[in-house]
Structures are given as structure tokens and as C-alpha cells.
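Okay, here's what each chain looks like letter by letter:
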Amino acid sequence: MLLVSTASAQESVASLGCKPGASVATNTACFQKMANDLTGKTYFVPPGKYDINECIQFGSPTYLPGQFEITGSGHFGATINQTTSGTCIFSFNEESINAFTITGLKFSYSTQQPAPSGIAADALATAILFNTRTHTGGGVHDFVFDSLLFANASRGIGVQKQVAGVNVSDPVWGFTMDNIIGDGSLTGATINLLQGTP
């Protein structure tokens, strides 16, 4: 497996306040705090189910994370569960986010999400969504997804296909995906990286 990050010693998300069984507000704020301070770090997600109610945002015009790892205790051990329908779980918002690894996690929804209307249609309930603010072709690149499980989502991993009704292209490249599992509750593809037309 290709490992692209050069993250530092491991830190538990518990140190940020994440806790299985905590309120959705607490866990949502905790995971967003993690996403806001990622560069050069390794975060460990201990076993348990972590309910959130918003999509965790990676990257902003003023912060471009890179060289990080998020590792769980295994996709049957650590679950990030979205309680709000029609909402992603992780969203990568900036081009050139790179050199990172996400491994050993389950991404789920409290209720089964509707099927996408077609392979080229957006699915709001895509668990890991590449939804960059700009579309210059740089994309998100040089990353590893390993041992991830998806449940009740419209799609497991996907790209944003339209913005304000206009087709966009959000390329992802130079990546390795291994042991990516969509259980029988997914209503769309486990991985859908079909791009729109710029």
C-alpha cells in the first residue's frame, strides 16, 4: 500500500472532546476542530459510534491541510454516523489538498439515503465528497483510502458534479484505494468519481 503522508505521533480525537454517545453537537464540533488543525498530524478514532449532524469540512480559502492521517480502530470498530439526511460526512473543499491517509473507519447514516437519480447526478448524501471551491484542474491528489466501510449512504465516495446547474470537473488523482466496502444498504455506487464537463 502506498503511504503518502508524513504525519507525526498519533493523537486521539478523544483529546478534542469526541466521545461515543456524546451529543451530536459535541461530536460535530470535535471532528470539525480536528479538520481545522490537521497538517502534519495523525488522529486516532477509538472504537465506538460518533453521531454528527453536519458535514465535516476539510480546507478553506485560508487553510489547506496536508500530510495528515486519520485512522480508526477498524471499520467494524469506529463509526462516524451522520444523523442529518441529505448531508455528506467529510467534504474536501479545496484543490491541492494532498498527501493524506484515511483508514479503518465506518461511515454511516442513521436512515437509508435515497438513490441518486443517475450516474452523472449529484448525491447530497455522499459520505466522502470531493467538492472543491475552485475547478482549475488541480484537484485533490496523492492520498490513500484504506479499509473504509459505508452504510446507508447514497454513495460512499464521490465528486460534486454540478454547481448552480453548471457541470464542473473535480479531478482526484494519484490516489490508492484498498478494501473499500459498501454494504447492502447503499443505494448508489460505493465509488463514483465520474466528473462533469468543465
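Before any of the text, the structure's been laid out above.
Nothing here was measured: the structure is a model prediction, and the numbers come from that model.

Chemist: Summarise the pattern of salt bridges; cite the residues concerned and give the values.
Modeler: Oppositely charged side chains may form a pair once their charged atoms are brought near each other. Within this structure, the stated rule accounts for two salt bridges. Asp 37 is the partner of Lys 41 in a salt bridge, and the nearest nitrogen-oxygen pair spans 2.4 Å. For Asp 37, a relative accessible area of 36% translates into the label partly exposed. Glu 94 is the salt-bridge partner of Arg 133, the closest N and O atoms lying 2.8 Å from each other. Taken together, the positions of Arg 133 in the loop between strand E9 (126-130) and strand E10 (140-151) and Glu 94 in the loop between strand E7 (90-92) and strand E8 (98-109) put the pair 39 residues apart, joining distant regions of the chain.

Chemist: How would you summarise the packing of aromatic side chains if you had to cite specific residues and measurements?
Modeler: Counted according to the given criterion, the structure contains 15 aromatic pairs. Centroid distance Phe 58 to Phe 68: 6.4 Å. Interplanar angle 20°. Geometry classified as stacked. Linking Phe 58 in strand E4 (residues 56-58) with Phe 68 in strand E5 (residues 66-72), this pair joins segments that are 10 residues apart in sequence. We note that Phe 58, like Phe 68, is buried. Within the aromatic cluster, the residues linked to one another by ring pairs are Phe 58, Phe 68, Phe 90, Phe 92, Phe 100, Phe 107, Phe 130, Phe 143, Phe 145, Phe 150 and Phe 175.

Rules used in this analysis
- Sequence order as written defines the numbering, with residues in each chain counted from 1.
- Residue-level local features of this predicted model are given only where pLDDT is at least 70; pairs of side-chain atoms are given and counted only at 80 or more, and the full residue set underlies all totals for whole chains, interfaces and linings.
- Each side-chain value is worked out from all heavy atoms of the structure, with water and hydrogens disregarded.
- A side-chain nitrogen of Lys or Arg and a carboxyl oxygen of Asp or Glu constitute a salt bridge if their distance falls within 4 Å.
- Three exposure classes are used, based on accessible area relative to the maximum for each residue type with a 1.4 Å probe and protein chains only: buried under 20%, partly exposed in between, and exposed over 50%.
- Every helix listed is a DSSP run of H or I at least four residues long, and every strand listed is a run of E at least two residues long, numbered separately from the N terminus.
- Classification of ring pairs rests on two measures: the distance between centres of Phe, Tyr or Trp rings, Trp counted by its six-membered ring, which must be within 6.5 Å, and the angle between planes, read as stacked under 30 degrees, edge-to-face over 60 and tilted in between.

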